[in-house]
Amino acid sequence: MSAVPRLAVDGISVHYGGVHALRDVSFHIAAGEVLGLIGPNGAGKTTLINAVTGIAHLSEGGVSLDGRRLDGLPAHRVARAGISRTYQNIRLFPALTVEENIRAGAFSRRGAIREHELQALLERTAIAPTELPHVASSRSYGTQRRIEIARALAAEPRLLVLDEPAAGMNAQETAHLRGLIASVAREGASVLLVEHDMALVNAACDRVVVLNFGTVIAHGIPTAIARDPAVIEAYLGTSGAA
Amino acid sequence: MLAFFAQYSKLVDQAGINALLALSLSLSLRAGHLALAQAAFMGIAAYVGSIGAVDLHWTLLESTFAGALAAGIAAAILALPVARLRGIFLAIATIGFGEIARVVEINAPITDGAEGFSDIPNDAGTLAIYAALLATVAALFLLGRSKWALAIAATREDENAARGCGIDVGLVRTTTLVSGAVIAGVAGVLYAHANFFITPGDFGFPRMEQILVYCVIGGVTSSTGAVMGAAVMTALPETIRFLHDYREVTTGALLLAIIILAPGGLAQLWRRHA
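Conventions and cut-offs
- Residues numbered from 1 in each chain as written.
- Chains lettered and ligands numbered in written order.
- Predicted model: local features only at pLDDT ≥ 70, side-chain atom pairs only at ≥ 80, totals over all residues.
- Helix = DSSP H or I, 4+ residues; strand = E, 2+ residues; numbered from the N terminus.
- Rg over C-alpha atoms; globule rule 2.2 N^0.38 Å.
- Buried ≥ 20, exposed ≤ 12 C-beta atoms within 10 Å, placed from the backbone.
- Contact = placed C-beta atoms within 7 Å.
- Nonpolar A, V, L, I, M, F, W, Y, C, P; charged D, E, K, R; others polar.
- Core = buried A, V, L, I, M, F, W, Y, C linked by C-beta atoms within 7 Å.
- Axes fitted to C-alpha atoms, helices over the stretch in contact; angles between N-to-C directions.
- Parallel < 35°, antiparallel > 145°, perpendicular 65-115°, else oblique.
- Left-handed = near helix turned anticlockwise from the far one by under 90°.
- Pairing = 2+ DSSP bridges.
- Domains from an automatic or database assignment.
- pLDDT = per-residue confidence, 0-100.

**Describing the overall build of chain A**
Here's step 1: For chain A, the helix and strand inventory stands at nine helices and 10 strands.
Here's step 2: Relative to a compact globule of 242 residues, whose C-alpha radius of gyration would be 18 Å, chain A shows 18 Å and is just as compact.
Here's step 3: Dimensions of chain A, computed from C-alpha atoms along their principal axes, come out at roughly 55 × 40 × 40 Å.
Here's step 4: Per-residue burial over chain A gives 43% buried out of 242 residues.
Here's step 5: The contacts in chain A between residues at least 6 apart in sequence include a share of 66% that link residues at least 24 apart.

As structure tokens, then:
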């Protein structure tokens, strides 16, 4: 493993007024690694994504991508530095076509997307070429999820952040998503996967970070995390309540 | 043909100027920003260009250049305080800017106040107006084929998702506002030179409202629509002259009909039948 991690999150805190949404959170992701981020609702997962992507303002700590400091940069500069994301509630450009949505993703990289690259993207995200001219909001929920992933991949990101990508997907679609995540990592990009589907997390992730009340309560390989008493307590309550 | 032109040349010129104004507003609307300062930009440019033409003997070209530049600078300054405003708040702030510009035009020592500024060289003819319109349409056509068009559309659809795609939303806002102001500035100088007399009242809220009506009737996010809207709404009072006592009512009725029956404006109807 190289000395400089792909993503370094070092002691970050985010305050909203008097509320500590995140407190002293640290973790690293290596190049080509898939890191799962799990935690109960309200644990701070989305705040963490917003902090990494330049939307949430950090009160303390720093975020770096391949050694380059990103904290303090506006969101569009973070995207251009190499971090692409999808959203928990799909955020496509609803009135634009599927093709325009995917092409918009390429604003983060040098040069527009070429025809053969577009075809390759469609193939790996399982979007039929006949979908391209249609308005994005008219597509099915599963297709919209895949368009959003295609838009994020169009940027050729160094870090792909997926915020609950399997929500609302059927078993077949989830299996395809798992293969897609693995192929992205094989090509050298890193993935930060926020997900509630534990089967997907266990299958897709090299390591898992568990958040609760804005702090990291556990950190390790998926099988160890599942047996961690602090994690079991966070999800199920204390043994008496469970 | 010549007889028609002799009778209606003023109207044809006015339609060209109005088309420029509609195009200028459509730029901000395409980015999803209801910035309503076009009449103010038009007025600033008209006064700068006219005062230069009368007192400093500028040619029409010099006058147009200086006026458009002044309008562009005014827009770049306006872009700063309104950077975080959206929707109705942006509309009110930019209308407020228009009122400030109008009051300054009334009270500044060099504008001849509410009485109006006169003796502007009457040298902006149909040729100059339509050359400016053609150049603007060509520039917008090129814009439509560039990466910028997608950045503007994405900004309109979802600003946060656009940022996530690496689009500098602030730059899109400022650029559309400033380029719109430059177009409105050109229209303002041509208006002044075509009418050889201007008053601050020419550039007040009623003018802004007219420009917005052109865009809504034509189709808010379409250049073709903006030109069609301006042409139709300039010609309409002439074609239904027998209804002239009810002019406001007919305009209102047409606007309502378009909003209800064809929310995409004339451009939408055009596409549907093309």
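Structure's up, so let's keep going.
**Section: the interface of chain B and chain A**
Buried accessible area, meaning the area lost when the parts come together, often serves as the stated size of an interface.
Here's step 1: Taken together, the contact pairs 16 residues of chain B with 20 residues of chain A.
Here's step 2: Those elements that place two or more of their residues in the side of chain B that touches chain A are helix H6 (147-157) and helix H7 (159-164) of chain B.
Here's step 3: A per-element tally of the side of chain B that touches chain A places H6(B) first, with six residues.
Here's step 4: Across the side of chain B that touches chain A, the residue classes tally to eight nonpolar, three polar and five charged.

**Focus: the nonpolar core**
Here's step 1: Within the largest apolar cluster, 83 residues are counted, with the highest numbers of intra-cluster contacts made by Leu37(A), Ala51(A), Val191(A), Leu193(A), Val210(A) and Ala154(B).
Here's step 2: Considering each element in turn, this core owes the most residues, six residues, to helix H5 (residues 141-154) of chain A.
Here's step 3: Not counting residues up to four positions away in its chain, the partners in contact with Leu193(A) are Val34(A), Leu35(A), Gly36(A), Leu37(A), Leu162(A), Ile181(A), Val201(A), Ala204(A) and Cys205(A).
Here's step 4: Core analysis: the second largest hydrophobic core is formed by 74 residues, Met42(B), Ala68(B), Cys215(B) and Ala230(B) among them.

**Here's the deal with the packing of helix H2 (residues 38-55) of chain B against helix H4 (residues 87-107) of chain B**
Residues and elements named next belong to chain B.
Here's step 1: Taken N-terminus to C-terminus, the directions of H2 and H4 make an angle of 25°; their axes are 8 Å apart at the nearest point. In this view, H2 runs roughly parallel relative to H4, as classed from their interaxial angle. In the packing of H2 onto H4, the handedness of the crossing is left-handed. Facing Ala39, Ala40, Gly43, Ile44 and Tyr47 of H2, the residues of H4 in contact are Phe97, Gly98, Ala101, Arg102 and Glu105.

**Some words on the sheet that holds strand E8 (residues 190-194) of chain A**
All names here are of chain A.
Here's step 1: Taken in spatial order, the six strands of this open sheet run E6-E7-E8-E3-E9-E10, and their pairing is mixed. The open sheet has two edge strands, strand E6 (83-85) and strand E10 (215-220), and neither has a second partner. Across the sheet, the axes of successive neighbouring strands diverge by a mean angle of 20°, strand direction being ignored.
Here's step 2: Across the sheet, helix H1 (residues 45-52) is in contact with strand E3 (34-38), E6, strand E7 (159-163), E8 and strand E9 (207-212); its angle to E7 comes to roughly 150°.
Here's step 3: Along the sheet face, helix H9 (residues 229-236) touches E9 and E10 and points at about 130° away from the line of E10.

**As for the domain arrangement of chain A**
Residue and element names in this part refer to chain A.
Here's step 1: As assigned here, chain A comprises domain 1 (1-82 + 157-242) and domain 2 (90-154).
Here's step 2: Here the C-alpha centroids of domain 1 and domain 2 sit 24 Å apart.
Here's step 3: Listed per partner, the contact involves 11 residues of domain 1 and nine residues of domain 2.
Here's step 4: Mapped onto the side of domain 1 that touches domain 2, the elements with two or more residues apiece are helix H2 (75-81) and helix H6 (171-186).
Here's step 5: Counting residues per element, the side of domain 1 that touches domain 2 draws most heavily on H6, which supplies four residues.
Here's step 6: The residue inventory of the side of domain 1 that touches domain 2, partitioned by class, reads six nonpolar, three polar and two charged.

**Description of the packing of helix H1 (residues 2-30) of chain B against helix H9 (residues 205-218) of chain B**
Between two packed helices, the angle of one axis relative to the other and the distance separating the axes together describe the packing.
All names here are of chain B.
Here's step 1: Direction vectors running N to C along H1 and H9 enclose 75°, while the axes themselves pass 9 Å from each other. The angle between H1 and H9 falls in the class roughly perpendicular. Here H1 contributes Asn18, Leu21, Ala22, Leu25, Ser26 and Leu29 to the contact with H9, which in turn contributes Ile211, Leu212, Tyr214, Cys215 and Gly218.
Here's step 2: Among the residues forming the contact of H1 with H9, the class breakdown is eight nonpolar, three polar and no charged.

**A short note on the sheet that holds strand E5 (residues 68-69) of chain A**
Sheet strands associate in pairs through backbone hydrogen bonding, adopting either a parallel or an antiparallel arrangement.
All names here are of chain A.
Here's step 1: Read from one edge of the open sheet, four strands run E2-E1-E4-E5, paired in antiparallel fashion. Taken across any chain shown, the strands that pair with only one partner, and hence form the sheet edges, are strand E2 (19-29) and E5.
Here's step 2: Pairing of strand E4 (residues 60-65) with E5, which is carried by two bridges, proceeds in the antiparallel orientation. Bridge pairing in E5 places Leu65 opposite Arg68.

**Some words on the pairing of E2(A)**
Here's step 1: Looking at chain direction, strand E1 (residues 7-16) of chain A and E2(A) are connected through seven bridges and run antiparallel. Within E2(A), the position partnered with Val9(A) by the bridge is Phe27(A).

**Quick look at the environment of Arg139(A)**
Residues and elements named next belong to chain A.
Here's step 1: Looking at where Arg139 falls in the secondary structure, it is placed in the loop between helix H4 (115-124) and H5.
Here's step 2: When the C-alpha atoms of Arg139 and Leu58 are compared, they prove to be 37 Å apart, with 81 residues separating the residues in sequence.
Here's step 3: If sequence neighbours within four positions are ignored, Arg139 has contacts with Val98, Glu131, His134, Gln144 and Ile147.

**Observations regarding helix H3 (residues 98-105) of chain A**
Here's step 1: Of all eight residues in H3(A), seven are buried; the element is thus mostly enclosed.
Here's step 2: Those residues of H3(A) that are buried are in contact with E6, H4 and H5 of chain A together with H6 of chain B.

**Regarding the pairing of E9(A)**
Here's step 1: Note that E3(A) and E9(A) share four bridges and pair parallel. Bridging across to E9(A), Leu35(A) finds its partner in Arg207(A).

**Focus on the confidence of the model for chain B**
Residue and element names in this part refer to chain B.
Here's step 1: Per-residue confidence for chain B gives a mean pLDDT of 92, with 98% of residues at or over 70.
Here's step 2: Taken element by element, chain B is modelled with least confidence in helix H12 (residues 265-273), mean pLDDT 73, and with most confidence in helix H3 (residues 60-79), mean pLDDT 98.
Here's step 3: Scoring of the predicted complex yields 0.91 for pTM and 0.92 for ipTM.

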